[in-house]
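# Close look at the chain arrangement
Residues per chain are reported as follows:
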Amino acid sequence: MERLQKVIASCGVASRRKAEELILAKKVTVNGRVVSELGVKVSDKDIIEVNGERLNREEKVYYLLNKPRGVITSTTDDKGRTTVVSLINEDKRIYPVGRLDYDTTGALILTNDGEFANMMMHPSNNIDKVYVAKIKGILLPSEIMQLKKGIVLDGVKTSNAKVKVKKIDKENNTSIVELIIHEGKNHQVKRMFEAVGKDVIKLKRERIAFLDLRGLNSGEYRKLSHKEVSQLYVLVK
Ligand code: URA
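Just so it is clear, the structure is predicted and the values come from calculations on it, not from any experiment. (Residues numbered from 1 in each chain as written. Predicted model: local features only at pLDDT ≥ 70, side-chain atom pairs only at ≥ 80, totals over all residues. Heavy atoms only, no water.)

## Re the packing of helix α3 (residues 114-121) against helix α6 (residues 226-236)
- Axis separation between α3 and α6 bottoms out at 11 Å; the angle between their running directions is 45°. Relative to α6, the element α3 is oriented oblique. Taken as a pair, α3 and α6 cross one another with a handedness that is left-handed. Residues Glu115, Phe116, Met119 and Met120 of α3 form the contact with α6, whose participating residues are Val229, Leu232, Tyr233 and Val236.
- Grouping the amino acids of the contact of α3 with α6 by side-chain chemistry returns seven nonpolar, no polar and one charged. (Axes fitted to C-alpha atoms, helices over the stretch in contact; angles between N-to-C directions. Helix = DSSP H or I, 4+ residues; strand = E, 2+ residues; numbered from the N terminus. Parallel < 35°, antiparallel > 145°, perpendicular 65-115°, else oblique. Left-handed = near helix turned anticlockwise from the far one by under 90°. Contact = heavy atoms within 4.5 Å. Nonpolar A, V, L, I, M, F, W, Y, C, P; charged D, E, K, R; others polar.)

## A short note on the site of the ligand
- Surrounding the ligand, one finds Leu100, Asp101, Thr104, Tyr131, His187, Gln188, Val189, Lys190 and Leu203.
- In the environment of the ligand, an oxygen atom lies 2.9 Å from a nitrogen or oxygen atom belonging to the side chain of Thr104.
- Considering the ligand on its own, with 240 Å² of exposed area, one finds that the protein chains cover 97% of that surface.
- Looking at the shell around the ligand, the element that brings in the most residues is helix α5 (residues 188-195), giving three residues.
- Of the residues assigned to the shell around the ligand, the class counts are four nonpolar, three polar and two charged. (Near = heavy atom within 4 Å. Polar contact = N/O pair within 3.5 Å; in protein donor to acceptor, adjacent residues only side chain to side chain. Areas by Shrake-Rupley, 256 points an atom, 1.4 Å probe, with all protein chains shown as cover.)

## Things to note about the nonpolar core
- By size, the foremost hydrophobic cluster in this structure holds 29 residues, and its most contacted members are Leu110, Leu139, Leu147, Leu179, Met192 and Phe193.
- Mapped by element, the contributors of at least two residues to this core are β7 (62-67), β9 (105-111), β10 (129-136), α4 (141-149), β14 (174-181) and α5.
- Ignoring anything within four residues of it in the chain, the contact list for Phe193 reads Ala133, Ile135, Leu139, Leu147, Val177, Leu179, Lys198 and Val200.
- Residues Ala209, Leu211, Leu216 and Val229 belong to the second largest nonpolar core, which totals 19 residues. (Core = buried A, V, L, I, M, F, W, Y, C linked by side-chain atoms within 4.5 Å. Buried < 20%, exposed > 50% of the residue type's maximum accessible area, 1.4 Å probe, protein only.)

See below:
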């Protein structure tokens, strides 16, 4: 048995708080009866409707994909490009948690659990996203400091980042840099490097929290275990 608001949230209909508001506003029914107080628990067999629409209560699934280059992070694509969802053999309607660019590779989670997806994407939850970028040029100490302290993107400063220069190739004037951030603004890593005058040549997300790509070649995926999913919830609490 699970709390009604948690079940509503996990189906991706609303956040947990919004689900509570919907219950209090008498917009939720369980087996045809309006529930208007919080704390009611429901089982898998109960039929729940929110605003007259039945909740799809299928089993929740969680995947970690090693996204290849040239694949779009989307559920569908009107240009016929391969999507990350099409790489995974799953009949349930899964979707990506956050976004990797078409040319970015690496760790991407896909799920049909809306509450989990929101939790993972919320920047205040401090989930490490570890990127390794090959950039043109060599970072000056002042530029490293700027990246660490935050860069103003769309008028808002990015939060503190960890930056580690892993390799410098003077001959080709390129560097390999690890950047650890918690947010997921559009093209964030590329725009952060751009802001210090460096173009990103290649970008890979090597890890999300404790989930790295060990055992997954490009295009391969695996299911997350119950333990891993609970550990992610523990991390953000
Ligand atoms: N930042 C980027 O610039 N691109 C990505 O794909 C992910 C993070």
